[in-house]
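# Observations on the three-dimensional arrangement
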Amino acid sequence: MALPRFKQSDINGIRSRVERAQRIVITCHKAPDGDAIGSCLALMSLFRRMGKVADVVTPDMPLRALMFAPGANQIIVNSVNEKAVRQLLQKADLIFCLDFNSLHRVDKMAEALAEAPAFKVMVDHHIGPERFCDITLSEPERSSTCELLYHVIGALGYHRFISREVAQCLFLGMMTDTGNFTYGSEDPEIYIVVADLLSYDIDKAYIYNMALNTFSADSLRLRGYALNSKMEIYPEKGVAAIFLSQEELDEYRYKKGDLEGLVNKPLCIPEVTMSFMFREDSTAGLIKVSTRSQGDRSVEEICREHFGGGGHKNASGGDFHGTLDEAKAEFLKILSNL
Ligand code: 5GP
Ligand code: MN
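Thresholds applied
Residues numbered from 1 in each chain as written. Chains lettered and ligands numbered in written order. Predicted model: local features only at pLDDT ≥ 70, side-chain atom pairs only at ≥ 80, totals over all residues. Heavy atoms only, no water. Pairing = 2+ DSSP bridges. Helix = DSSP H or I, 4+ residues; strand = E, 2+ residues; numbered from the N terminus. Contact = heavy atoms within 4.5 Å. Axes fitted to C-alpha atoms, helices over the stretch in contact; angles between N-to-C directions. Donors = N, O, S within 2.8 Å, 3.2 Å for Na, K, Ca; no water. Buried < 20%, exposed > 50% of the residue type's maximum accessible area, 1.4 Å probe, protein only. Salt bridge = Lys/Arg side-chain N within 4 Å of Asp/Glu carboxyl O. Phe/Tyr/Trp six-rings, centres within 6.5 Å; stacked < 30°, edge-to-face > 60°. Near = heavy atom within 4 Å. Polar contact = N/O pair within 3.5 Å; in protein donor to acceptor, adjacent residues only side chain to side chain. Areas by Shrake-Rupley, 256 points an atom, 1.4 Å probe, with all protein chains shown as cover. Nonpolar A, V, L, I, M, F, W, Y, C, P; charged D, E, K, R; others polar. Expected span 1.5 Å × (residues − 1). Disulfide = S-S within 2.5 Å. Core = buried A, V, L, I, M, F, W, Y, C linked by side-chain atoms within 4.5 Å. Parallel < 35°, antiparallel > 145°, perpendicular 65-115°, else oblique.

Let us now look at the sheet that holds strand 4 (residues 94-98). One open sheet holds the six strands; their spatial order is 3-2-1-4-5-6, and the pairing between them is parallel. Each end of this open sheet is capped by a strand with a single partner; those strands are strand 3 (76-77) and strand 6 (135-138). Pairing geometry for strand 5 (residues 119-124) and strand 6, over four bridges, is parallel. Within strand 6, the position partnered with Asp124 by the bridge is Ser138. Across the sheet, helix 5 (residues 145-156) is in contact with strand 4, strand 5 and strand 6; its angle to strand 5 comes to roughly 120°.

For the manganese ion (ligand 2), every protein donor is listed as Asp35 (OD), Asp99 (OD), His125 (NE2) and Asp177 (OD), and the spread of their distances is 2.2 to 2.4 Å. As a motif over one chain, the donors of the manganese ion (ligand 2) read D-x63-D-x25-H-x51-D. You can see His125 sitting in the loop between strand 5 and strand 6 and its partner Asp177 sitting in helix 6 (residues 164-177), a full 52 residues away along the chain. Residue His125 shares its accessibility class with Asp177, and that shared class is buried.

Before going further, it helps to spend a moment on the pattern of salt bridges. The full count for this structure, using the stated rule, is 13 salt bridges. Asp319 is the partner of Lys288 in a salt bridge, and the nearest nitrogen-oxygen pair spans 3.3 Å. Placement of the pair is Lys288 in strand 10 (residues 286-293) and Asp319 in strand 12 (residues 315-320), with a sequence separation of 31 residues. Accessibility expressed as a relative area gives 26% for Lys288, which makes it partly exposed. Taking the shortest distance from any N to any O, the salt bridge between Lys333 and Glu330 comes out at 3.5 Å. Here Glu330 and Lys333 lie together in helix 12 (residues 324-336), a separation of three residues that amounts to about one turn. Glu330 gets classed as buried once you look at its relative accessible area, which sits at 16%. A cluster of three or more residues bridged by salt bridges with shared partners is formed by Glu139, Arg142 and Glu147.

Enumeration over the complete set of coordinates arrives at 15 aromatic pairs. Note on Tyr158 and Phe161: the rings are 6.2 Å apart at their centroids and 65° apart in plane angle, and the pair reads as edge-to-face. Given the relative accessible area of 5%, Tyr158 is considered buried. Ring-pair connections join several aromatic residues into one group, and the members of that group are Tyr234, Phe243, Phe276, Phe278, Phe307, Phe320 and Phe331.

Turning our eyes to something else, we now look at the site of ligand 1. In the vicinity of ligand 1, the contacting residues are Arg105, His126, Lys288, Ser290, Arg292, Gly309, Gly310, His312, Ala315, Ser316, Gly317 and Gly318. Measuring from an oxygen atom of ligand 1, one finds a side-chain N or O atom of Arg105 at 2.9 Å. A distance of 2.9 Å separates an oxygen atom of ligand 1 from a polar side-chain atom of Lys288. With the chains in place, 84% of the 490 Å² that ligand 1 exposes on its own is no longer accessible. For the shell around ligand 1, the elements supplying multiple residues, two or more each, are strand 10 and strand 12. For the shell around ligand 1, the element with the most residues is strand 12, which contributes four residues. By residue class, the composition of the shell around ligand 1 is one nonpolar, eight polar and three charged.

On to helix 5, then. The end-to-end C-alpha distance of helix 5, which contains 12 residues, comes to 16 Å, matching closely the 16 Å that a straight helix rising 1.5 Å per residue would cover. Within helix 5, burial applies to Thr145, Cys146, Glu147, Leu148, Leu149, Tyr150, His151, Val152, Ile153 and Leu156. Count one or two residues on from helix 5 and you reach Gly157, which has phi positive near 85°.

Moving on, we come to the pairing of strand 9 (residues 274-281). Counting buried positions along strand 9 gives six out of eight residues, so the element sits mostly inside the fold. By the bridge criterion, six bridges tie strand 8 (residues 239-244) to strand 9 in an arrangement that is parallel. By the bridge assignment for strand 9, Val239 is matched with Met274. Across eight bridges, the pairing between strand 9 and strand 10 is antiparallel. Within strand 10, the residue paired with Met274 across the bridge is Ser293.

Moving on to the state of the cysteines. All told, the structure shown has zero disulfides when counted by the stated rule. Free of any disulfide, Cys40 has its nearest cysteine sulfur in Cys28, 4.0 Å distant. According to the relative accessible area criterion, Cys40 is buried, its value standing at 0%. For Cys268, which is in no disulfide, the shortest distance to another cysteine sulfur is to Cys303 and amounts to 20 Å.

Most often, soluble globular proteins keep nonpolar side chains buried together rather than apart. By size, the foremost hydrophobic cluster in this structure holds 61 residues, and its most contacted members are Ile26, Leu41, Leu46, Phe47, Phe96, Leu170 and Leu197. Sequence-distant contacts of Phe47, defined by excluding residues within four places in its chain, comprise Val18, Ile24, Ile26, Lys52, Ala54 and Phe96.

On to the packing of helix 5 against helix 7 (residues 189-198), then. Viewed as axis vectors pointing N to C, helix 5 and helix 7 meet at an angle of 75°, and their least axial separation amounts to 11 Å. By the angle class used here, helix 5 and helix 7 are roughly perpendicular. Where helix 5 approaches helix 7, its residues Glu147, Tyr150 and His151 are matched on the opposing element by Ile190, Val193, Asp196 and Leu197. Among the residues making up the contact of helix 5 with helix 7, the classes are represented as four nonpolar, one polar and two charged.

Structure follows, in C-alpha cells:
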C-alpha cells in the first residue's frame, strides 16, 4: 500500500486550526481500548510539546491495563466528572475525535460533543464514518488509528515533535489493535512506522506485557471457566459462541476489561473461523456482543444488521436489547443463515 495521500486542503485546514487553537480537546469511543487511549495520549503529548493547551476526555474509564500509558492519569472521564468534560468541550476551539466513526460511540457524551462549537477533526479506521466532523480522515484499511495518526502527524509537518512518550502511545495502539502484530498487520509499511517508533528507545516488551499480558487472578479464572464450561462449538458452521450471564460474572467478581480479547481464543481451533461472545450487563440493561472472524468471513455486517453496531470485517461489536436467552435465539437465527 502506498503512503497515504491526504487531501492537501484537509491537511492545510487541520494545520491552520492547530496553529490558531487556544484549547484543544481530544476524545475517543466508550470503553476505550489501547488504540483509543494510545492515539488520544499521543496527540495530547505532541500538542503539549508544541506548547498547546491540550486535554483528553473519554466517555468512561479506560481499561485498567492501559493506565500505565504516559499521561493516562490526566484523562478526564465523563462518567466520573460530566461537568468538567462538558466545560472542556464547550470551551475548546478544536476537537479531535479519534478511533470512532459515529456519535453514539461516545455514549452519554454524545450530546455535549455534538453541541460543542469547536472545529472537529475525525481520525479513524472504522468502516462507514458518519459525517459529524468538519474534516474526516478515515482509512478503514489501516491497522489502527495510531498508525493513521502517525501519518497525519507527518503530513502536518509535526514529526519533529514526536517524543518517547508519543512513540510509546502510538506503538501501544498499533500493537493492541493487531493482537501484537498478528492480524490486520500485513502491510509492510506498518513496520516502517514501527521501526521509527522503536528508534525512540521505547520498551516494546514492557508495553506488550502491561497492555496484553497482565490479568488478575479473577480474570484468569473467569477466562478458564468461559472456555471450559461455556464455549459452544458448531463445527458444521465453523462457529463458536460463549454466553455469560451476570450471575456467572458476579461469581468471578467481574470487572470491566476482565474478558478483553477472550473472543479471539476460539479462533485457535482450526475449524472455527467465526467467534461470538455475549456478555450480560445488567447495569446497562443489555447484552454486549463481541465478534471475531478470519479471512473473508465478515462479522461487521452481522453486528450492523442484528446488534446496531459495527467495527471491522474481522472484529466487530454491538448491543442486544433483551435477555440472554433472547440473544441466544437471535444468535441461532443468524447461525441458521450462515
Ligand atoms: P470488541 O469486541 O473488542 O469490544 O470490539 C471489536 C471492534 O468492534 C472494535 O473495533 C470496536 O470499535 C467495534 N465495536 C465494539 N462494540 C461496538 C458497538 O457497540 N458499536 C460499534 N459501532 N462498534 C463496536
Ligand atoms: Mn482502533
